[in-house]
Amino acid sequence: MGELVIRPNFEEKLECPRCSAEKETLFHVLEDCPIARAILFIGGLDNSLITKDYHCCIDWLEDVIRVLNKRATTNLMITLWNSWNNRNNFIFRGKEEEAHVVWERGRTLSKDFRIFSLINDPLLPANPAVKRWEKHPRGYVKINFDASVSNNRTGFGVIARDDEGFVIDGGEGLKNEMILAELAEIYTFEESIKMVCALNIKTIVVFETDNASLVNRVKHHSTDVTIFGARVVPSFGFFASASVAS
Ligand SMILES: [Zn+2]
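Residues numbered from 1 in each chain as written. Predicted model: local features only at pLDDT ≥ 70, side-chain atom pairs only at ≥ 80, totals over all residues.

A.B. asks: Can you lay out the overall build of the chain for me, pointing to particular residues and giving the numbers?
C.D. replies: Within the chain, the regular secondary structure consists of nine helices and four strands. From first element to last, N terminus to C terminus, the chain shows the α and β order α-α-α-α-α-α-β-β-β-α-β-α-α. Split into buried and exposed, the 246 residues of the chain put 20% on the buried side. Taking the intrachain contacts of the chain between residues at least 6 apart in sequence as the baseline, contacts between residues at least 24 apart amount to 56%. (Helix = DSSP H or I, 4+ residues; strand = E, 2+ residues; numbered from the N terminus. Buried ≥ 20, exposed ≤ 12 C-beta atoms within 10 Å, placed from the backbone. Contact = placed C-beta atoms within 7 Å.)

See below:
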């Protein structure tokens, strides 16, 4: 039995939209598709690690990680992440970049973010606080939203996924004005609420953001009297009942 195709719920077609291979499995996307191979080849991954056929992507990764050191594994993961994004750009935006551009982007990211890659043991032990993970109820819809402000522009993105992680809908936008980062998060939060309303989702909706300040404002929306707080209140009014988890 082979690996599942990636988009069983998304559309009828199972084949790879980029090369028309019979099934677009995760292994196919990351290793077997010609452009994925080209990216790995440019990245310098040994040919013997690229050519063998695997049923499951994780088996391939396991074999590769057995022969790569930590630094090479980190670089491989960054390369695969960029390769995956390149595939998604093709699926959702109809454009993809050439292999060398994808590789170059991964390399820049690797250099810029070297401080964050877990190549060496951290100087200080990691925060020992245990984070409790709460399982979400079955059938929920999760909304991820994020905003970024740079070069006098504000970009935002919203993605809705079902409980198996498949993308149901998504949106992105660009405002040609620079607004405060926190206001941008609230703006994006409003956009995600609009999307939930438009999708007419009848199940539990989980909003996810990495902006702790926004989470706190939503939690304390009845007592927060700042401008940002006032902006959150009408957003929150969309829901008859809601609870916020951080
Ligand atoms: Zn393909």
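A.B. asks: Please set out unusual backbone geometry residue by residue, giving values where relevant.
C.D. replies: Residues other than glycine seldom take positive phi values, yet serine 20 does so here, at roughly 65°. Summarising the element assignment, serine 20 is placed in the segment before helix H1 (26–32). The exposed category is assigned to serine 20, around which 8 C-beta atoms lie within 10 Å.

A.B. asks: Tell me about the environment of alanine 38, and please be specific about residues and values.
C.D. replies: Looking at where alanine 38 falls in the secondary structure, it is placed in helix H2 (residues 34–42). A C-alpha to C-alpha distance of 8.1 Å links alanine 38 and histidine 100, two positions 62 residues apart in sequence.

A.B. asks: How would you sum up the environment of isoleucine 65? Please name residues and give values.
C.D. replies: Take isoleucine 65: it is sitting in helix H4 (residues 57–67). Isoleucine 65 sits 11 residues away from leucine 76 along the chain, and the two C-alpha atoms are 9.3 Å apart.

A.B. asks: Lay out the confidence of the model for the chain with the relevant residues and their values.
C.D. replies: The predicted model of the chain averages 73 in pLDDT, with 68% of residues at 70 or higher. No element of the chain has a lower mean pLDDT than helix H9 (residues 227–236), which averages 53, and none a higher one than H1, which averages 93. Counting interchain partners and residues more than four positions distant, the pLDDT-below-50 stretch residues 114–123 has four contacts. Taken as a whole, residues 240–246 scores under 50 in pLDDT and shows seven contacts with residues more than four places along the chain or in a different chain. (pLDDT = per-residue confidence, 0-100.)

A.B. asks: Give a detailed account of the nonpolar core, specifying residues and quantitative values.
C.D. replies: Counting residues in hydrophobic clusters, the biggest one holds 15 residues, and the most contacted among them are Ile143, Tyr187 and Phe189. For this core, the secondary-structure elements that each account for two or more residues are strand E1 (141–150), strand E2 (153–161), helix H7 (181–199) and helix H8 (212–219). Here this core takes five residues from H7, the largest share from any one element. With 14 residues, the next largest nonpolar core counts Cys16, Ile39, Leu80 and Ala99 among its residues. (Core = buried A, V, L, I, M, F, W, Y, C linked by C-beta atoms within 7 Å.)

A.B. asks: Just give me the short version of H2, but keep the residues and values in it.
C.D. replies: Ala36, Ile39 and Leu40 are the residues of H2 that are buried. What you see down the axis of H2 is that its buried residues fit within an arc of 95°, all on one side. Count one or two residues on from H2 and you reach glycine 44, which has phi positive near 90°. (Arc of directions from axis to C-beta.)

A.B. asks: Before we move on, can you summarise the environment of isoleucine 143 with the specific residues and values?
C.D. replies: When you line up the elements, isoleucine 143 lands in strand E1. When the 23 C-beta atoms within 10 Å are taken as the criterion, isoleucine 143 is described as buried. For the pair isoleucine 143 and serine 192, spaced 49 residues apart in sequence, the C-alpha separation works out to 7.1 Å. When near neighbours in sequence (up to four residues on either side) are disregarded, isoleucine 143 contacts Val158, Ala160, Ser192, Val196, Val205, Val206, Phe207 and Glu208.

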